[in-house]
Amino acid sequence: MRKYFILSFIISVIFFLSNPVLADGVPQISLSPANGSVIEGGLSGYGKTINISYSISNLESCWWQGAWTGFEVWVLVDGNVVSYYRDPQQPAFFTYYGLTHSSSLNIYLSQGTHTIQVNAKSFEVKYDAYLDIDQSSTTNTIQIVHPPQITVDNNFTDVSGVTHGLVAVSGRGTPTAPYSFEINSGQSVTFTAISPQTSNAGYNMTWHNGTTNPSIWERNGDNIYPNQSFPLAVTQDHNLAIFEANLRKICKPNFQNSFVGGSNGGVIKVNSTQYNSPTIQFDVVELNPISATAVYQVINGIGYSFQQWNDGSTTVTKTFNPNSTQTYTAYYTGKPLTTNRALHTGTVYNQPIVLYWSEHPNTNVTQYQIWRRVKHNGVMSDPQIIATVNRGTTSYVDGEYNLTRNYSNDLLYYDVRPYYSTENTYSDPNWLAVFGVLMPKTSDSTLVSEIKLENSLSNFPNPFNPTTNIKYSIKESGQVSIKVFDLIGQQVAELVNEEKAAGNYSILFDASQLPSGIYIYMIHSGNFFDSKKFVLLK
């Protein structure tokens, strides 16, 4: 045994002297957390206790008669040494190659960017002299970041004028919006829109599931989720995100008519159902459709025809998409009707034709125009006004024609047209046909032998726009002049300048080319002078 030990010692000495012990290879370092890691901090203080672990391979260790190899490791965080390890000398006859060393430690890091550095060194020492050194270093940079801060909100201001109503957040109740909170990534939270609520503008706000302008959840202005309850799996990407529930207003439009003179009664159709005007308010989700139809209608003898809606549209049935509570108005124009006029003639033949009619029921019908046209020898004349009478008159004698029942005589057409002073409109033509024969006359207008004539001058209506009927009578034949002057004495029109037989006459004065104002019309015939004022109101 002794011989064997001596032999081994001699062999080792020879090997050592011929082969010095040298560290062989550079240490290889593996470090966690990895470089570039982003680590979410806690909800309190926003820092984080992290685990730093490392593993080093390709290390050596040996000791032999004053020569030995070893290694040391030290860890720095943000430049400060937080861990140091030195391999102890291990007596041995041979060098140990390919050793590994692993370790870990926990350390609290604040929010921000940090560097972690691990240094490893292998070396050989012989008689207190370093003969060979192999070393390496690895540095990783990591970030400790704020946990996601999320805000949940509604798209309206509530009755407080400051906050935005309520919103349900799982695990957090129904806080007032906007509500901000912090939550770590990997957790889940559900937002639920509360419906209905009331805005500071007085609207009921509701979650609307319809196809037109539906409610939706938004993230920073982008549509992301269509249902009232919104589950969210939180990630760091959600930090500072604002999730907003877009509720919709319940608008309450109503509809009405508008007739000249101030009335807004009558009827109107909404969604094909007829209602009295003005209607009730209808509940409509903002920007959703509701239709209305303007109805032709008759009120107190006046036929009202639709002209336009308050937005200028002339479509009778129109679809509206209200975004607020408002009134939609249908505007009408009215004309007097002759439905109950009962126009007829007397039944005494070979006597002047007498027209009879019923008084118009509307008291704003203030006069009647008497029209006539004649079909003589198969040729129809142009219609002409033969008289204008005031309300209260329900008959008129046409002294120019006698009533007959002979089909070979002239065919006469008469029309009595009510005048609706509120809108300055007349009824549409509605003729009555009779047979008659022209009577012998001594003037252009009236049988002098049957009527006692007096000089006169008048007009109707007054004020007028733009036409008025000037009636005059002359009891003696002669030259007749009728002129119109303004208030500074300047002639603006000459209506008559010719010889006229004694009789009653009328002439229509059209002032459409003149400005509003007071004018004077004057007649001169023989010894008859007269002047009157009339007012043109446009």
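As the structure is a prediction and not an experimental result, all values here were calculated from the model. (Residues numbered from 1 in each chain as written. Predicted model: local features only at pLDDT ≥ 70, side-chain atom pairs only at ≥ 80, totals over all residues. Heavy atoms only, no water.)

### Focus: the overall build of the protein chain
Line of reasoning, step 1. The helix and strand tally for the protein chain stands at one helix and 44 strands.
Line of reasoning, step 2. Looking at the protein chain residue by residue over its 538 residues, the buried ones come to 43%.
Line of reasoning, step 3. Contacts in the protein chain between residues at least 24 apart in sequence constitute 67% of all its contacts with a sequence separation of at least 6.
Line of reasoning, step 4. Of the accessible surface of the protein chain, which amounts to about 27,600 Å², a share of 51% is contributed by carbon and sulfur atoms. (Helix = DSSP H or I, 4+ residues; strand = E, 2+ residues; numbered from the N terminus. Buried < 20%, exposed > 50% of the residue type's maximum accessible area, 1.4 Å probe, protein only. Contact = heavy atoms within 4.5 Å. Areas by Shrake-Rupley, 256 points an atom, 1.4 Å probe, with all protein chains shown as cover.)

### A look at the pairing of strand 18 (residues 242-246)
Line of reasoning, step 1. The pairing of strand 9 (residues 149-154) with strand 18 spans four bridges and is classified as parallel. The residue of strand 18 that forms the bridge with D153 is E244.
Line of reasoning, step 2. Summarising the sheet, strand 15 (residues 216-219) and strand 18 pair through four bridges and their orientation is antiparallel. Across the sheet, the residue bridging to I216 is N246, located in strand 18. (Pairing = 2+ DSSP bridges.)

### A closer look at unusual backbone geometry
Line of reasoning, step 1. The peptide bond linking A177 to P178 adopts the cis configuration, its omega dihedral lying at 0°.
Line of reasoning, step 2. Each neighbour pair has its own omega, and for N465 with P466 the value is -10°, a cis peptide bond.
Line of reasoning, step 3. Along the chain, P466 falls in the loop between strand 38 (456-460) and strand 39 (467-474).
Line of reasoning, step 4. Despite not being glycine, N220 shows a phi value in the positive range, around 50°.
Line of reasoning, step 5. Inspection of the secondary structure assignment puts N220 in the loop between strand 15 and strand 16 (222-225).
Line of reasoning, step 6. Phi at N300 is positive, roughly 55°, even though this residue is not glycine.
Line of reasoning, step 7. Looking at N300, the relative accessible area reads 44%, which means it is partly exposed.

### Quick word on the nonpolar core
Side chains of a nonpolar character, in soluble globular proteins, are inclined to be buried together.
Line of reasoning, step 1. Of all hydrophobic cores here, the largest spans 36 residues; its most connected members are F255, W309, I353, L355, W357, I370 and Y414.
Line of reasoning, step 2. Among all residues touching I353, those that are not within four sequence positions of it are T345, Y396, V397, D398, Y401, N402, L403, L412, Y414, V434 and G436.
Line of reasoning, step 3. One finds F156, M205, W207 and L247 within the second-largest nonpolar core, a separate group that totals 22 residues. (Core = buried A, V, L, I, M, F, W, Y, C linked by side-chain atoms within 4.5 Å.)

### Considering the pattern of salt bridges
Line of reasoning, step 1. Counted according to the given criterion, the structure contains eleven salt bridges.
Line of reasoning, step 2. Salt-bridge contacts for D311 lead to K318; the nearest nitrogen and oxygen are separated by 3.4 Å.
Line of reasoning, step 3. Take D311: its relative accessible area is 48%, and that puts it in the partly exposed class.
Line of reasoning, step 4. Its salt-bridge partner being R372, residue D398 comes within 2.8 Å of it at the nearest N-O pair. One end of the pair, D398, is in strand 34 (residues 395-404); the other, R372, is in strand 31 (residues 365-376), and 26 residues separate them in sequence. Grouping residues by exposure puts D398 and R372 together as buried. (Salt bridge = Lys/Arg side-chain N within 4 Å of Asp/Glu carboxyl O.)

### What to know about the sheet that holds strand 43 (residues 517-525)
Line of reasoning, step 1. In space, the four strands of this open sheet follow the order 41-40-43-44, with antiparallel pairing throughout. The two strands at the open ends of the sheet, each matched to only one other strand, are strand 41 (491-500) and strand 44 (528-536). Strand-to-strand twist of the sheet, defined as the mean angle between neighbouring strand axes without regard to direction, takes the value 15°. (Axes fitted to C-alpha atoms, helices over the stretch in contact; angles between N-to-C directions.)

### Some remarks on the packing of aromatic side chains
Line of reasoning, step 1. Counted under the stated rule, the structure contains 28 aromatic pairs.
Line of reasoning, step 2. Residues F306 and Y332 carry aromatic rings whose centres are separated by 6.2 Å and whose planes lie at 75° to one another, so their mutual orientation is edge-to-face. One end of the pair, F306, is in strand 26 (residues 302-309); the other, Y332, is in strand 28 (residues 327-336), with 26 residues separating them in the sequence.
Line of reasoning, step 3. Under the relative-accessibility criterion, F306 is labelled buried at 15%.
Line of reasoning, step 4. Three or more aromatic residues joined by ring pairs form one cluster here, namely F255, F259, Y275, F282, Y304, F306, W309, F320, Y328 and Y332.
Line of reasoning, step 5. The aromatic ring of Y203 is capped on one face by K249, whose charged end is 4.8 Å from the ring centroid.
Line of reasoning, step 6. Just above the ring of W431 sits the side chain of R373; from NZ or CZ to the centre is 4.5 Å. (Phe/Tyr/Trp six-rings, centres within 6.5 Å; stacked < 30°, edge-to-face > 60°. Lys NZ or Arg CZ within 6 Å of the ring centre and 35° of its normal.)

### Observations concerning the sheet that holds strand 13 (residues 197-198)
Line of reasoning, step 1. On the basis of which strands lie adjacent, the open sheet formed by four strands has the order 13-14-19-23 and antiparallel pairing. Because the sheet does not close on itself, it has two edges, and the strands there are strand 13 and strand 23 (284-285).
Line of reasoning, step 2. As defined by bridge partners, strand 13 adjoins strand 14 (residues 204-206) across two bridges and the pair is classed as antiparallel. Looking at strand 14, one finds that T198 is bridged to N204.

### Thoughts on the confidence of the model for the protein chain
Line of reasoning, step 1. Here the protein chain averages 87 in pLDDT, and 88% of its residues register 70 or above.
Line of reasoning, step 2. In the model, residues 90-94 has pLDDT below 50 throughout and makes nine contacts with residues more than four positions away in sequence or in other chains.
Line of reasoning, step 3. Within the model, pLDDT remains below 50 along residues 442-451, and this stretch shows 24 contacts once partners closer than five positions in the same chain are excluded. (pLDDT = per-residue confidence, 0-100.)

### Considerations on the environment of F435
Line of reasoning, step 1. For F435, the location among the structural elements is in strand 37 (residues 432-438).
Line of reasoning, step 2. Each C-alpha atom of the pair F435 and L411 lies 4.7 Å from the other, and the pair is 24 residues apart in sequence.

### Remarks on the pairing of strand 24 (residues 290-293)
Residues in a regular strand point their side chains to alternate faces of the sheet.
Line of reasoning, step 1. Of the two faces of strand 24, the one lined by I290 and A292 and the one lined by S291 and T293 are each fully buried.
Line of reasoning, step 2. Looking at chain direction, strand 21 (residues 267-270) and strand 24 are connected through two bridges and run antiparallel. Bridge pairing links V270 to A292 in strand 24.
Line of reasoning, step 3. Here strand 24 pairs with strand 27 (residues 317-320) via four bridges, running antiparallel. Bridging across to strand 27, S291 finds its partner in T319.

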